[in-house]
Amino acid sequence: MCETILNVSSSLGNNKWIGNSLTEDRQAEFIMQRSDVSLLTATVLAIRGINPEEVDQYLNPKIKNLMPDPCLLSDMRKASNRLVQAVKNKENIIIYSDFDVDGTTAASLLILWLRHCGIEPSLYIPDRITEGYGPNINAFTKLAKKNTLLLCLDSGTQAFESVEAANKENCDVIIIDHHQVNQNIPKSFALINPKRKNEDPTFFDLCTAGLVFLFIADLNRISREDNKKEFNLINCMDLVALATMADVVPLKGLNRAFVQQGVRMISKNKRPCFEALAEQANFRSPITDQALAFTFAPRINAAGRISDAKLATKLLTTKNLSDAKKYANKLETLNMERKNLEQSVLDSALLQAKIQQESGANILWMFEKGWHPGVIGIVASRIKEMFKKPAIVISVGENGVGIGSARSTKALDIGACFIRLKEMNLLLSGGGHSMAAGLKIDSTKIAEAQKMLLSIYKPINQEKKELQINAVLSTSAVSISLLEELNSAGPFGSDSPFPVVAFPNCTINHAQILGEKHIKISFSNNSGSRIEGILFNDLGSDIGQFLISKQKGKAHIAGRVEINEWGGRKRINLIIMDVASQ
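The structure presented is a predicted model; accordingly, all values stated were derived computationally and were not measured.

## Digging into helix H16 (residues 376–387)
Each α-helix turn comprises 3.6 residues. Residues three or four places apart therefore point the same way. An ideal rise of 1.5 Å per residue puts 16 Å on twelve residues; H16 measures up with 16 Å between its terminal C-alpha atoms. Among all positions of H16, only Ile376, Gly377, Ile378, Val379, Ala380, Ile383, Lys384 and Phe387 are buried. In this fold, the buried residues of H16 make contact with helix H13 (289–306), helix H15 (321–358), strand S7 (364–369), strand S8 (391–396) and strand S9 (401–407).

Right under this line is the structure:
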């Protein structure tokens, strides 16, 4: 039983503030006594289940210590041998990848490996609007007629018909994917997917770029056995870090090591793509894991959302800074266009979402003709965050077929649900992850699919939500050195959340509106030290209105504390998550 923190049973965000468990607090004290870390860092480690003797290894993860044998994955060596054979025989090889960051980064890694082998490979990325997600029969048939080996990345696990079409043309298909697997698998030459039955759980959370990293590691092992020069795979850790952060996979085990080592690599020697993207984004701070996720990934994704995703692979694989700047400039233009499209669709979808919310709907379905398919995933994510409910956004085409994207909560495995709906012939295609998935549907079946999904989903109604507070601190207790130490327990993200800190009895010294929807404040408590804080995209909420109207008022303020570095100067900044009035 976790105790209530600062007696907050109902915050302005409608949360009850609860503390860590007694076991976690005791473990944190034990770690702090046995290790040279602060109580805040020790608390994070305790919550992660780290023992005192594991602290050093956790804070300094090494790829060599965490890297499993790639051949523990089903079909890994079979796929490696086939690609090596294709290279030796100078066969025609085609890479078919998804259009998101994970797909384009995975493709980039294989492109770099094949160039190392003296081959300039062909690349095919389906058009998001005209072809949709994943392999399609027409594309696979066309490509199979011209190639003897097709490498399908970040999709393909559900591509039964497309793989059959390639097989008929005597083209071998190797699928490297991490999306959900149902009872049957396609009859491909090889399927490398950690979600296949009976796979080693070590691999389960890897994104496709992480799997391609293992694939190339096995290819390197074959090169060593053949006394050939190995590809410098370690130098590609920055690309794996990018994909890992962008695909929001759990930041545990090998994924943590990928990101930590990759970010470290970027700080020492920026690849042209990162230098060019930073310049376009006017990003002058050191590149962190959060920058990869929220500054660089959206720009790279813009290519596949509203244009040609090959632009992303050109940027990621070029060694020429001038070319990288040219590609990054195009991506920046596309990203601005993406933002405008996103806002237009969001405004329209919100009208439907609010009506459904008022009627008590547990799952929000928004659909309309003319919405740009390239932004529906972002819109679904925003609506899910606003209403804390699964959200499905569908763009209906002129042919009556809808392309949809969903974002879910932990209470509903949306990827598995879409697979079930497809098996019931309610979807033309569908699948993905537990928290994010895609679908294609005949618009005349949307109502029936809605009804069926509701019968699957049995939400637990909670009148009061809970926000776990990991530490209660005075403003003077937070320092740059403390936060730098805390960052060593990162990266923070999926399944490894930032610690939430509460500052009690705060005076709001100053508040101002930024960009019509954000609020920036400065605050202090009894210690007198001031900290700056920012509330994103929430001006109209109870929290936002309180911060603006209660200057000089007292409040408990909770959020995540980070270092904001600009122009060589480091400042403490709080990303505000909740406020409780006094």
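Next comes the rest of the write-up.
## Quick notes on the sheet that holds strand S11 (residues 436–442)
One open sheet accounts for five strands, arranged S7-S8-S9-S11-S10; its pairing is mixed. Of all the strands in the sheet, the pair left with one neighbour each is S7 and strand S10 (429–432). Taken pair by pair, the neighbouring strands of this sheet meet at an average axis angle of 15°, ignoring direction. Note that S10 and S11 share four bridges and pair antiparallel. What sits directly across from Ser429, in S11, is Lys440.

## What about the packing of aromatic side chains?
Applying the stated criterion across every chain, the model contains seven aromatic pairs. Aromatic rings pair up to connect Tyr96, Tyr124 and Phe140 into one cluster. The positively charged end of Arg256 is found above the aromatic ring belonging to Tyr58, 3.7 Å away from the centroid.

## So, the side chain of Lys384
Inspection of the secondary structure puts Lys384 in helix H16. Sequence-distant contacts of Lys384, that is, excluding residues within four places in its chain, are made with Lys389, Ala391, Arg407, Ser408, Thr409 and Met435.

## Focus on the pattern of salt bridges
Taken as a whole, this structure holds 20 salt bridges when the rule is applied. Between Arg115 and Glu120 there is a salt bridge, with its nearest N and O atoms 3.0 Å apart. Accessibility expressed as a relative area gives 36% for Arg115, which makes it partly exposed. Using a relative accessible area of 55% as the deciding quantity, one classes Glu120 as exposed. Of the charged contacts, one joins Glu385 and Lys384 as a salt bridge, the two residues approaching to 3.1 Å between their closest N and O atoms. Residue class for Glu385 comes out partly exposed when judged on its relative accessible area of 42%. Residue Lys384 is classed as buried on the basis of its relative accessible area, which comes to 15%. Residues joined in a network through salt bridges with shared partners are Asp69, Arg77, Asp218 and Arg221.

## Let's talk about the packing of helix H1 (residues 22–34) against helix H2 (residues 39–47)
Between H1 and H2, the least distance of the axes is 8 Å, while the angle of their chain directions is 125°. With respect to each other, H1 and H2 are oriented oblique. The two elements H1 and H2 meet at a crossing, and its hand is right-handed. In this structure, H1 uses Glu24, Gln27, Ala28, Glu29, Ile31 and Met32 to contact H2, whose residues at the interface are Leu39, Ala42, Thr43, Leu45, Ala46 and Ile47. Partitioning the contact of H1 with H2 into residue classes produces eight nonpolar, two polar and two charged.

## Observations regarding the sheet that holds strand S5 (residues 172–176)
With parallel pairing, five strands are arranged side by side in an open sheet as S3-S2-S4-S5-S6. Edge positions in the open sheet fall to strand S3 (122–124) and strand S6 (190–192), since each of these has one partner strand only. With strand direction ignored, the average angle separating the axes of adjacent strands in the sheet is 20°. In this sheet, S6 lies alongside S5 in parallel orientation, the contact comprising three bridges. Bridge pairing in S6 places Ile175 opposite Leu191. Packing against the sheet, helix H9 (residues 208–225) makes contact with strand S4 (149–153), S5 and S6, and its axis sits at approximately 120° to S5.

## Considering the packing of H13 against H15
Packing of H13 against H15 leaves a shortest axis separation of 8 Å and a crossing angle of 70°. Classified by the angle their axes make, H13 and H15 are roughly perpendicular. Here H13 contributes Pro298, Arg299, Ile300, Ala302, Ala303, Arg305 and Ile306 to the contact with H15, which in turn contributes Leu331, Glu332, Leu334, Asn335, Glu337, Arg338 and Leu341. Taken together, the residues of the contact of H13 with H15 sort by class into eight nonpolar, one polar and five charged.

## Side note on the pairing of S11
Along any regular strand the residues' side chains alternate between the sheet's two faces. Residues of S11 alternate between two faces, with Ala437, Leu439 and Ile441 buried on one and Ala436, Gly438, Lys440 and Asp442 left unburied on the opposite face. Taken together, the seven bridges between S9 and S11 define a ladder with antiparallel strand orientation. Along S11, the bridge assignment pairs Val401 with Asp442. Remark: three residues form the turn of the hairpin made by S10 and S11, two consecutive strands paired antiparallel.

## Regarding the environment of Asn526
Along the chain, Asn526 turns up in the loop between strand S15 (518–524) and strand S16 (530–535). On the accessibility criterion, Asn526 (67% relative accessible area) is exposed. Excluding anything up to four places from it in sequence, Asn526 contacts Asn505 and Lys554.

## Digging into the nonpolar core
In this structure, Leu83 and Leu292 are the most contacted members of the largest nonpolar core, which totals 86 residues. If you tally residues by element for this core, the top one is H9, at ten residues. With near-sequence residues (within four places) excluded, Leu83 lies in contact with Ile93, Leu110, Trp113, Leu114, Leu149, Leu151, Phe215 and Leu219. Judged by nonpolar contacts, the second largest core, of 42 residues, contains Leu40, Val478, Phe492 and Ile576.

## Digging into the environment of Gln33
Tracing the backbone shows Gln33 in helix H1. Here Gln33 falls in the exposed class, since its relative accessible area comes to 62%. On a C-alpha basis, the gap between Gln33 and Pro52 in space is 9.0 Å, while along the polypeptide they are 19 residues apart.

## Some points on unusual backbone geometry
Along the chain, Gly490 connects to Pro491 via a cis peptide bond; the corresponding omega equals 5°. By secondary structure assignment, the location of Pro491 is in the loop between helix H19 (480–487) and strand S14 (501–514). Of note in this structure, Asn227 is not a glycine but carries a positive phi near 60°. Structurally, Asn227 is set in the loop between H9 and helix H10 (237–246).

Thresholds applied
- Residues numbered from 1 in each chain as written.
- Predicted model: local features only at pLDDT ≥ 70, side-chain atom pairs only at ≥ 80, totals over all residues.
- Heavy atoms only, no water.
- Helix = DSSP H or I, 4+ residues; strand = E, 2+ residues; numbered from the N terminus.
- Expected span 1.5 Å × (residues − 1).
- Buried < 20%, exposed > 50% of the residue type's maximum accessible area, 1.4 Å probe, protein only.
- Contact = heavy atoms within 4.5 Å.
- Pairing = 2+ DSSP bridges.
- Axes fitted to C-alpha atoms, helices over the stretch in contact; angles between N-to-C directions.
- Phe/Tyr/Trp six-rings, centres within 6.5 Å; stacked < 30°, edge-to-face > 60°.
- Lys NZ or Arg CZ within 6 Å of the ring centre and 35° of its normal.
- Salt bridge = Lys/Arg side-chain N within 4 Å of Asp/Glu carboxyl O.
- Parallel < 35°, antiparallel > 145°, perpendicular 65-115°, else oblique.
- Left-handed = near helix turned anticlockwise from the far one by under 90°.
- Nonpolar A, V, L, I, M, F, W, Y, C, P; charged D, E, K, R; others polar.
- Core = buried A, V, L, I, M, F, W, Y, C linked by side-chain atoms within 4.5 Å.

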